[in-house]
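# Tertiary structure, described
So the chains spell out like this:
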Amino acid sequence: MRIGELAKRAGTTTRALRFYESEGLLEAQRTPNGYREYGEHDLRLVREIQSLQAVGLSLEDTRPFVACLRAGHESGDSCPDSREVYRRKLAEVDACLDRLGTVREFLLARLAFQDPCLVPEEIQCS
């Protein structure tokens with residue numbers, strides 16, 4: 001399939017696909033007249049990249065998953081490097097949740113100090 005069809009099937013733009021290619025995440029075959037040609041496996045790679053980015057992974061973070069699929073694995077997250085990305089991102093999420101919990105407690109304490117009636121009933125201590 002040509003780049004336009006891949007973009008349509010993946011729900012992305014040809015510009016994004018060219019960017020993935022320039023970043024080494026996607027490799028197009030070239031027809032004799034220079035057109036990019038892609039297969040179903042490339043569609044799978046693009047969908048993997050998209051799903052990972054949708055949950056907050058950077059384009060760089062997607063590399064091990066793409067490499068895993070290129071190596072012939074059924075799933076992009078079945079390789080050790082991919083699972084390491086998950087572990088690292090999970091640690092980042094946990095740290096963020098800890099910070100948010102601290103902010104939440106601070107805000108609740110300030111509300112309670114200023115006017116206990118301002119603290120929503122569902123989070124007031126009984």
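Now for a quick tour of the structure.

Procedures and definitions
Residues numbered from 1 in each chain as written. Predicted model: local features only at pLDDT ≥ 70, side-chain atom pairs only at ≥ 80, totals over all residues. Heavy atoms only, no water. Phe/Tyr/Trp six-rings, centres within 6.5 Å; stacked < 30°, edge-to-face > 60°. Lys NZ or Arg CZ within 6 Å of the ring centre and 35° of its normal. Core = buried A, V, L, I, M, F, W, Y, C linked by side-chain atoms within 4.5 Å. Buried < 20%, exposed > 50% of the residue type's maximum accessible area, 1.4 Å probe, protein only. Helix = DSSP H or I, 4+ residues; strand = E, 2+ residues; numbered from the N terminus. Contact = heavy atoms within 4.5 Å. Axes fitted to C-alpha atoms, helices over the stretch in contact; angles between N-to-C directions. Parallel < 35°, antiparallel > 145°, perpendicular 65-115°, else oblique. Left-handed = near helix turned anticlockwise from the far one by under 90°. Nonpolar A, V, L, I, M, F, W, Y, C, P; charged D, E, K, R; others polar. Salt bridge = Lys/Arg side-chain N within 4 Å of Asp/Glu carboxyl O. Disulfide = S-S within 2.5 Å. Arc of directions from axis to C-beta.

### What about the packing of aromatic side chains?
Note on aromatic pairs: each is described by the distance of the centres and the angle between the planes. For the coordinates displayed, the defined rule picks out one aromatic pair. The positively charged end of arginine 2 is found above the aromatic ring belonging to tyrosine 35, 4.3 Å away from the centroid.

### Focus: the nonpolar core
Nonpolar side chains tend to gather and get buried jointly when the protein is soluble and globular. Ranked by size, the top nonpolar core spans 18 residues in total, and within it Leu6, Leu17, Tyr20, Leu26, Tyr38 and Val46 carry the most contacts. If you list the elements that add at least two residues to this core, you get helix H1 (3-10), helix H2 (14-22), helix H3 (40-54) and helix H4 (63-70). With sequence-adjacent residues up to four places away left out, leucine 17 is seen in contact with Ile3, Leu6, Ala7, Thr12, Leu26 and Val46.

### A word on the packing of H3 against H4
H4 packs onto H3 with a crossing angle of 155° between their chain directions and a minimal axis gap of 10 Å. The angle between H3 and H4 falls in the class roughly antiparallel. Seen from above, H3 lies across H4 with right-handed handedness. Facing His41, Arg44, Leu45, Glu48, Ile49 and Leu52 of H3, the residues of H4 in contact are Phe65, Val66, Leu69 and Arg70. Split by residue class, the contact of H3 with H4 holds six nonpolar, one polar and three charged.

### Considering the pattern of salt bridges
Where side chains of opposite charge bring their charged atoms close, a pairing between them can arise. As enumerated under the stated definition, the model contains 13 salt bridges in all. Ionic pairing is found between glutamate 40 and arginine 9, a salt bridge with its closest N-O pair at 2.7 Å. Taken as a pair, glutamate 40 in helix H3 and arginine 9 in helix H1 lie far apart in primary sequence, 31 residues in all. It is possible to trace a salt-bridge network through shared partners that takes in Asp61, Arg88, Lys89 and Glu92.

### Points about the state of the cysteines
Scanning the entire structure with this criterion turns up one disulfide. Shown here is the disulfide that connects cysteine 68 with cysteine 79, its sulfur atoms set 2.0 Å apart. The S-S bond linking cysteine 68 to cysteine 79 shows a torsion near 80°; that makes this disulfide right-handed. Pair noted here: cysteine 68 is in helix H4 and cysteine 79 is in the loop between H4 and helix H5 (80-114), with a separation of 11 residues, a long-range link. Note on cysteine 68: relative accessible area 2%, which makes it buried. What makes cysteine 79 buried here is its relative accessible area of 12%.

### Observations concerning H1
Considered for burial, the residues of H1 that qualify are Ile3, Leu6, Ala7 and Ala10. Buried positions in H1, seen along its axis, are confined to an arc of 100° and lie on one side of it. Residues of H1 that are buried sit in contact with H2, strand S2 (36-37) and H3. Directly beyond the C-terminal end of H1, a positive phi value near 70° is found at glycine 11.

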